[in-house]
Amino acid sequence: MAHDNTQPKASFDPLERWNDALTALQLLQLDPFGFGGVCLRAPHGPVRERWLQALAGLGIGLVKVPGSVDSERLLGGIDLAHTLQTGQLHSQAGLLQQADQGLVCLPMAERLSPALIAPLVQALEQGQVPPTRHSAALTPTRFGVVALDESLTDEPGVGAALAERLGVWLDLHELSPSDIHAAWQDNSESEGLQIRLSPGALARAREQLPQVQASNEHMQALCAAAWGLGIGSLRVPSLALRVACGHAALNGRSTLDADDLGFAARCVLAPRATQWPAEPSAQEAEPAPQEDATPPPESPEPPENSCEAPENDAEKDKDPDTAPPPEQNTEPSAEDLQEMMVAAALASLPPHMLDALMTRQGAASHNTSGRSGQTRAGSQRGRPLPPRPGRPGGQARLHVLATLRAAAPKQRLRQTHSTGRVAIRAEDFHIQRYQQRASSCLILALDASGSTALQRLAEAKGAVELLLQQSYARRDSVCIVAFRGAQAQLLLPMTRSLVRAKRGMTGLPGGGGTPLALALKMAHEQAAQLQRQGVTPILVVLSDGRANVTLQGLGGRAQAQLDAQSWGQQWRASGHRALWIDTSMHPDAQAQQLATTMGASYLPMPQVQSQRMAHAIERVRNPCA
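Because the structure is a prediction, the values reported are computed rather than measured.

### Observations regarding the overall build of the chain
Then comes step 1: Across its full length, the chain carries 24 helices and 18 strands.
Then comes step 2: Taken across its 625 residues, the chain has 45% of its residues classed as buried.
Then comes step 3: Summed over its atoms, the accessible surface of the chain is roughly 31700 Å², and 50% of this surface lies on carbon and sulfur atoms.

What follows is the structure, encoded as structure tokens:
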């Protein structure tokens, strides 16, 4: 299966995406906790509300877990209000216990702290609530999870530990109410929505589910398709197989077919894809020579694969020309199933996702440690984190509510006589914590030489203006390094001013040699200066990679390439993230080799488009989006 890496294309069908979302609801009704659950990425709006309305109408127990819940409310523990009111210790069942045989809904799941995700994932994996300090007994519970991801494009999504265990991933960002109106009006019951299975249909589907058979070819194809899409976890093919079996049971089938595997590819494999499937090698692409399966006429023995011997000699003496043709095997092979699933997965990707796969493929192949907007713990400002035990003082502030909550269960032991005051000890102190996000700066190394000037330079300027608008909204910075002739110049120091950037780029001329090594050296120096200021640098190189000017400003293509390779290695040693956009008309291995040396993602773009370039750079800036 060959793919054109320079011009990837995909067809995105909104109606198919909405139908898959409704089918996921029926799978939740059929098998609430068999495949983990659903991760729904969608903003607030009528599309998500209609999906949640259908979820509430399934008749399954649904327990909402807000992001502000504490561990005792989640896992069970002391009922603090009742304990303070009566003066006696009272326990309460946790939200996970209440969701047994039902679903747990996580609004704003991307904001859940790791302290809450860890016990939730443990309970989802083991089927029992982990013990707490107030209860050492294990409470069996089985539930599915519906995680609502409301993150923006520049924010990280649901935690990897939780998202990996949710079988179906849905992304409704690209859908609008007009897209789903036709599918919604197809049903006449329940205000145009009839998703809930009837009791009889549900009983038949649940009876059919354990009987669905999957062959070795199906399992091999699932694993091979997952590997080709860059999915390294074995849990994902297992979840895909479970989802495919559930889809077959919904349609009354006892064996998997192409529709079941296609649904699993679209909803389980495609959203997790991290790379574009590689082209097969020349040896794999060559069809195997077909051997002549006709036995020699003088051989009286039946062929090896024959299940039964001829019944009599008369059948042996039949004319082979009048004998019926051998029955051909119409079952698809594992390779055919793999190709079908990969094609279904790629066809379901939304716009700009193919470029994201290519940039992720480059980022995943190199161990770069630079991240956009690195987070750090603080005690003064930022996003609030759960309080932790500690002594207040300096910049650490006392968390009054958490301190009182820790001291309340011990009052009867501490008070020898009634004083009406709360006895607080140093061991009860809890301090406030906040998470601060460091700002980032995008360093654009813009090739203005004669090989890339002309029309591509104008498109690059348009992409820079789009990025500056986005950076201004996030309060991030942009720095531009232009190189042409025999020098590289700092065209624009770190700034957030869109007007200043436009003014600086207006008079940018084009033409001359390509001093690529000087540009990488200047970018490295700017990154070191930004890092000392606490800013995360990200480098984006827009060039064809054909360096022909050395560090001394002299001509010489061989030495210029060696200098560029040397500074590329220094950038990789710094550990910062980078992206190389190849703007040459005919991309070759030279620019890709330089990107590999730098540890950068590589994206060929012969026909430069400012909007597409801005999306690719934004993907590298926010790899979690």
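### Quick notes on the pairing of strand S8 (residues 143-149)
Regular strands show a simple pattern: their side chains alternate between the two faces of the sheet.
Then comes step 1: The buried count for S8 comes to seven of seven residues, which makes it a mostly enclosed element.
Then comes step 2: Of the two faces of S8, the one carrying Phe143, Val145, Ala147 and Asp149 and the one carrying Gly144, Val146 and Leu148 are both buried.
Then comes step 3: Sheet analysis places strand S1 (residues 37-41) next to S8, joined by five bridges and oriented parallel. Across the sheet, Val38 pairs through a bridge with Val146, a residue of S8.
Then comes step 4: The pairing of strand S5 (residues 102-106) with S8 spans five bridges and is classified as parallel. Along S8, the bridge assignment pairs Leu103 with Gly144.

### Some points on unusual backbone geometry
Of all residues except glycine, most have a negative phi; of all peptide bonds, most are trans.
Then comes step 1: Phi angles above zero are rare outside glycine, and Gln101 is one such case at about 65°.
Then comes step 2: Examined against the element boundaries, Gln101 turns out to sit in the loop between helix H5 (95-98) and S5.
Then comes step 3: The phi torsion at Met108 lies on the positive side, around 50°, for a residue other than glycine.
Then comes step 4: Its location among the elements puts Met108 in the loop between S5 and helix H6 (114-126).
Then comes step 5: A residue is classified by how much of its surface remains accessible, and Met108, at 35% relative accessible area, is partly exposed.

### Describing the packing of helix H1 (residues 14-30) against helix H11 (residues 235-250)
Then comes step 1: With their axes 10 Å apart at the nearest point, H1 and H11 run at an angle of 90° to one another. Between H1 and H11, the interaxial angle falls into the category roughly perpendicular. Side by side, H1 and H11 meet where Thr23, Gln26, Leu27 and Leu30 of the first sit next to Val243, Gly246, His247, Ala249 and Leu250 of the second.
Then comes step 2: Its residues assigned to classes, the contact of H1 with H11 comprises five nonpolar, four polar and no charged.

### With respect to the packing of aromatic side chains
Then comes step 1: Counted according to the given criterion, the structure contains zero aromatic pairs.
Then comes step 2: A cation over a ring is seen here: Arg272 above Trp169, with NZ or CZ 4.2 Å from the ring centre.

### A look at the side chain of Ser543
Then comes step 1: Relative to the helices and strands, Ser543 is located in strand S16 (residues 536-543).
Then comes step 2: Sequence-distant contacts of Ser543, defined by excluding residues within four places in its chain, comprise Asp447, Phe483, Thr514, Leu516, Trp580, Ile581, Asp582 and Thr583.

### What to know about the sheet that holds S5
Paired through their backbone hydrogen bonds, the strands of a sheet run either parallel or antiparallel.
Then comes step 1: Across the sheet, five strands lie side by side as S2-S5-S8-S1-S9; this open sheet has parallel pairing. Since the sheet does not close on itself, it has two edges, and those belong to strand S2 (62-64) and strand S9 (168-171), each with one partner. Looking at each pair of strands side by side, their axes are set apart by 20° on average, direction ignored.

### What about the confidence of the model for the chain?
Then comes step 1: Per-residue confidence for the chain averages 77 on the pLDDT scale, and 74% of its residues sit at or above 70.
Then comes step 2: Confidence drops under a pLDDT of 50 for residues 1-10, and excluding neighbours within four residues, the segment shows 27 contacts in the predicted structure.

### Considering the sheet that holds S16
Then comes step 1: Here we have six strands laid out as an open sheet, ordered S15-S14-S13-S16-S17-S18, and mixed in their pairing. Strand pairing shows two members of the sheet lacking a second neighbour, strand S15 (487-495) and strand S18 (601-604), which therefore form its edges. Averaged over all pairs of adjacent strands, the angle between strand axes in this sheet comes to 15°, irrespective of strand direction.
Then comes step 2: Those strands touched by helix H20 (residues 498-506) are strand S13 (440-447), strand S14 (477-484) and S15, and its axis lies near 165° from that of S15.
Then comes step 3: Docked against the sheet, helix H23 (residues 589-598) engages S16, strand S17 (578-582) and S18, running at close to 180° with respect to S17.

### Let's talk about the packing of H11 against helix H12 (residues 258-269)
Then comes step 1: The interhelical angle for the contact between H11 and H12, taken along N-to-C directions, is 135°, at an axis separation of 8 Å. Between H11 and H12, the angle is such that the two are oblique. You can see that H11 and H12 cross each other, and the crossing is right-handed. Mapping the contact onto sequence places Val236, Ala240, Val243, Ala244, His247 and Ala248 in H11 and Asp259, Asp260, Leu261, Phe263, Ala264, Val268 and Leu269 in H12.
Then comes step 2: A per-class count over the contact of H11 with H12 returns ten nonpolar, one polar and two charged.

### Considerations on helix H21 (residues 516-532)
Then comes step 1: Compared with an ideal rise of 1.5 Å per residue, which puts 17 residues at 24 Å, H21 spans 25 Å between its outermost C-alpha atoms and is within 8% of the ideal.
Then comes step 2: Those residues of H21 not exposed but buried are Leu516, Ala517, Leu518, Ala519, Leu520, Met522, Ala523, His524, Gln526, Ala527 and Leu530.
Then comes step 3: Gly534 lies just past H21 and shows a positive phi near 80°.

### A look at a nonpolar patch on the surface
Then comes step 1: Residues Leu398, Val400, Leu404, Val422 and Ile424 make up a contiguous nonpolar surface patch of roughly 390 Å² in combined accessible area.
Then comes step 2: Looking at the element boundaries, Ile424 is found in the loop between helix H18 (411-414) and strand S12 (430-437).

### As for the pairing of S5
Then comes step 1: Where burial is concerned, most of S5 is hidden: five out of the five residues are buried.
Then comes step 2: Note: S2 against S5, three bridges, orientation parallel. Pairing of Leu62 across the sheet is with Leu103, part of S5.

### Thoughts on the pattern of salt bridges
Then comes step 1: Scanning all chains against the criterion turns up 18 salt bridges.
Then comes step 2: As a salt-bridge pair, Asp171 and Arg41 come within 3.8 Å of each other at their nearest N and O atoms. Here Asp171 is found in strand S9, whereas its partner Arg41 is found in strand S1, with 130 residues between them in sequence.
Then comes step 3: What makes Asp171 partly exposed here is its relative accessible area of 21%.

### What to know about the environment of Val620
Then comes step 1: For Val620, the location among the structural elements is in helix H24 (residues 610-621).
Then comes step 2: Using a relative accessible area of 5% as the deciding quantity, one classes Val620 as buried.
Then comes step 3: Put simply, Val620 and Arg577 are 43 residues apart on the chain and 7.7 Å apart in space, counted from C-alpha to C-alpha.

Conventions and cut-offs
Residues numbered from 1 in each chain as written. Predicted model: local features only at pLDDT ≥ 70, side-chain atom pairs only at ≥ 80, totals over all residues. Heavy atoms only, no water. Helix = DSSP H or I, 4+ residues; strand = E, 2+ residues; numbered from the N terminus. Buried < 20%, exposed > 50% of the residue type's maximum accessible area, 1.4 Å probe, protein only. Areas by Shrake-Rupley, 256 points an atom, 1.4 Å probe, with all protein chains shown as cover. Pairing = 2+ DSSP bridges. Axes fitted to C-alpha atoms, helices over the stretch in contact; angles between N-to-C directions. Parallel < 35°, antiparallel > 145°, perpendicular 65-115°, else oblique. Contact = heavy atoms within 4.5 Å. Nonpolar A, V, L, I, M, F, W, Y, C, P; charged D, E, K, R; others polar. Phe/Tyr/Trp six-rings, centres within 6.5 Å; stacked < 30°, edge-to-face > 60°. Lys NZ or Arg CZ within 6 Å of the ring centre and 35° of its normal. pLDDT = per-residue confidence, 0-100. Left-handed = near helix turned anticlockwise from the far one by under 90°. Expected span 1.5 Å × (residues − 1). Patch = residues over 30% accessible without salt bridge, like charges linked within 9 Å, V, L, I, M, F, W, Y side chains within 5 Å. Salt bridge = Lys/Arg side-chain N within 4 Å of Asp/Glu carboxyl O.

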